[in-house]
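Notes for the structure review
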Amino acid sequence: MNSLNSTLSLNTTFVRPPFFFITGFHNMPHAKYYYIFLCFVFVVTVLGNSFVMFIIYTERSFHTPKYMAIINLAVADLGESTALIPNVISVFLYDSHYIYFDTCLANMFFVFFFTSLQSFTLTILAYDRFVAICLPLRYHAIITMQAMAVILTGVWAYNSVLLILMVSLVTRLSFCKSIVINNYFCGHGEVRKLACNDNLVNSIVGKLNMVLLLYLPLILTLLSYVFIADVLFKMASWEGRLKAIKTCSAHLMLVAVYYLPLMATYLAEIAFTIHPNARLMNTSFAKAITPMLNPIIYVLNTEEVKEFSKNIFKRKKIIIT
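Here the structure is a predicted model, which means the values were calculated and not measured.

The subject of this paragraph is the overall build of the chain. When its secondary structure is counted, the chain shows 11 helices and 3 strands. When the elements of the chain are put in sequence order from the N terminus, they spell out α-β-α-α-β-α-α-α-β-α-α-α-α-α. Its C-alpha atoms give the chain principal-axis dimensions of roughly 85 × 50 × 40 Å. When the 321 residues of the chain are sorted by exposure, 45% land in the buried category. For the chain, the accessible area works out to roughly 17500 Å², and carbon and sulfur atoms hold 70% of it.

This is how it looks when you write it as C-alpha cells:
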C-alpha cells in the first residue's frame, strides 16, 4: 500500500524547470562565421523593412489596400527576425544557452506568430492578384481599405487564438527528463518531447496548427494561382498575359523563397536521415533570409518605389545646393 501511494505521489508531481538549455549551433564547426552572417542579415532586414514602412507611411499614393497588406508583411518580417536572431546572437556573444521558462514560452509564441503571419499575408497578396486579374472591373469595389483592414484583423485574431492555445497547453506539461532543447529557439516540438507526462493533446494541437497556419495558407495561395492561370490561358493577347504574369512574378518569388526551403527540409527529414546541424542550418537560414528578401523583391524593386526614392534624393540635393 505504501509503495502504491509513493508511486501515485511520484506520478502526480508537477515539475516546471526554472529554465531550459538551448543547444543552438553549439557543436557546429565554424559557427562563429554563421553568427556573423546572421548579424548581417538582421541589420539588412531591419533597414529594409523599416524603409518600406517609412515610405508607405509618408507617401499618400501608397495608402492603398495592397500596400496595407505589404506593411503587414514588413511587420511580420521584423517581428520574426527580432524574435529569432538577437537571441541566437546573444548566445554567441555571451555564451549563455539558458532561457527562463516563461521567456521560452514567449519566444515560442512570437516566432510562430510572426512566421504564420508571413504565410497568411502572402495569401492575402495572392488574393489581391487574383481579384486584379480575374475580376479587374470589380477590383476597387472588392479590395477596399475597409475590407483589407477586416481581413488583416481576422488573420491577427486567428493566429493569436491558435497559438495562445498551443503555448498555454505547454504549461500543463511536467519536465523531469531533460531541459536541453536541441534547437536554436524554443520550438514547440522540441519542448513537448521533453515532457514526462502525457503530451498527446500538445502533439495534436501542434500538428493541427501546422496544418492551419502553414499548409492552409499555401493551399489558398496555390488555389488563387490556379484561377489566375485559367484566366491567363483564356487571354487572346500575349501582351496582356505577359503584363499579368509580370505583376505576379515578384509575389511568386516570395512564395517560393518562403515555402521551398521549409518544405525541402521537412521532406528530406521524412525520406532521409539528416544530421541535426544540417537541419538547424536549413531551417534557420530559411527563417532568417526570407524577411530580408521580402522587401527587396516585392517593394524596393518596384517602379513606384524607385520613383519615390529618386524624388527623395532630388529633394535632398536641392536642399543641399
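Attention now moves to the confidence of the model for the chain. Mean pLDDT over the chain works out to 86, with 92% of the residues at or above the 70 mark. The low-confidence segment residues 1–12 (pLDDT under 50) makes 0 contacts with residues lying over four places distant or belonging to another chain.

This next bit is on the pattern of salt bridges. Taken as a whole and judged by the stated rule, the model has 2 salt bridges. Linking Asp230 and Lys234 is a salt bridge whose minimum nitrogen-to-oxygen distance equals 3.3 Å. Of the two residues, Asp230 and Lys234 are both situated in helix H8 (residues 200–234); the distance of 4 residues between them amounts to about one turn of the helix. The exposed category is assigned to Lys234, whose relative accessible area is 64%.

Below, the discussion takes up the state of the cysteines. Inspection of the entire model under this criterion finds 2 disulfides. Note on cysteine connectivity: Cys104 is disulfide-linked to Cys186, with sulfurs 2.1 Å apart. Taking the sign of the S-S torsion, about -125° here, the bridge from Cys104 to Cys186 comes out left-handed. With a gap of 82 residues between them, Cys104 in helix H4 (residues 101–134) and Cys186 in the loop between strand E3 (180–181) and helix H7 (188–192) connect regions that are remote in the sequence.

Bringing the packing of aromatic side chains into the picture now. The final tally for this structure, using the stated rule, is 20 aromatic pairs. Chaining the aromatic ring pairs together yields one cluster made of Phe109, Phe110, Phe113, Phe114 and Trp156. Against the face of Tyr67 rests Lys66, its NZ or CZ located 5.9 Å from the ring centre. For the cation-ring pair, Arg241 lies above Trp238, with the distance from its terminal atom to the ring centre recorded as 4.7 Å.

Axis separation between helix H3 (residues 65–94) and helix H10 (residues 276–300) bottoms out at 9 Å; the angle between their running directions is 155°. What the angle tells us is that H3 and H10 run roughly antiparallel. Two packed elements cross with a definite hand, and for H3 against H10 that hand is left-handed. Touching Lys66, Ile70, Leu73, Asp77, Glu80, Ser81, Leu84 and Ile85 of H3 are Lys287, Ala288, Pro291, Asn294, Pro295, Tyr298 and Val299, all from H10. Of the residues in the contact of H3 with H10, the class split is 9 nonpolar, 2 polar and 4 charged.

For the rest of this paragraph, the subject is the sheet that holds strand E1 (residues 19–22). The 3 strands lie next to each other as E2-E1-E3, forming an open sheet whose pairing is mixed. Because the sheet does not close on itself, it has two edges, and the strands there are strand E2 (98–100) and E3. Of the strand pairs in this sheet, E1 and E2 are connected by 3 bridges, and their pairing is antiparallel. Looking across to E2, one finds that Phe21 is bridged to Tyr98. Here H4 sits on the sheet in contact with E1, E2 and E3, set at roughly 90° to E2.

With that out of the way, let us pick up the pairing of E1. Where burial is concerned, the two faces of E1 differ: the one with Phe20 and Ile22 is buried and the one with Phe19 and Phe21 is not. Relative to E3, E1 runs parallel, the two being bridged by 2 bridges. Across the sheet, Phe21 pairs through a bridge with Val180, a residue of E3.

For the rest of this paragraph, the subject is H10. Over its 25 residues, H10 runs 36 Å from end to end, which matches the ideal 36 Å to within 8%, given 1.5 Å per residue. Of all the bends in H10, the greatest, near 35°, is centred on Leu293, and the proline Pro295 appears no more than four residues after it.

The rules behind these values
- Residues numbered from 1 in each chain as written.
- Predicted model: local features only at pLDDT ≥ 70, side-chain atom pairs only at ≥ 80, totals over all residues.
- Heavy atoms only, no water.
- Helix = DSSP H or I, 4+ residues; strand = E, 2+ residues; numbered from the N terminus.
- Buried < 20%, exposed > 50% of the residue type's maximum accessible area, 1.4 Å probe, protein only.
- Areas by Shrake-Rupley, 256 points an atom, 1.4 Å probe, with all protein chains shown as cover.
- pLDDT = per-residue confidence, 0-100.
- Contact = heavy atoms within 4.5 Å.
- Salt bridge = Lys/Arg side-chain N within 4 Å of Asp/Glu carboxyl O.
- Disulfide = S-S within 2.5 Å.
- Phe/Tyr/Trp six-rings, centres within 6.5 Å; stacked < 30°, edge-to-face > 60°.
- Lys NZ or Arg CZ within 6 Å of the ring centre and 35° of its normal.
- Axes fitted to C-alpha atoms, helices over the stretch in contact; angles between N-to-C directions.
- Parallel < 35°, antiparallel > 145°, perpendicular 65-115°, else oblique.
- Left-handed = near helix turned anticlockwise from the far one by under 90°.
- Nonpolar A, V, L, I, M, F, W, Y, C, P; charged D, E, K, R; others polar.
- Pairing = 2+ DSSP bridges.
- Expected span 1.5 Å × (residues − 1).
- Bend = angle between axes of the 7 residues up to and from the residue.

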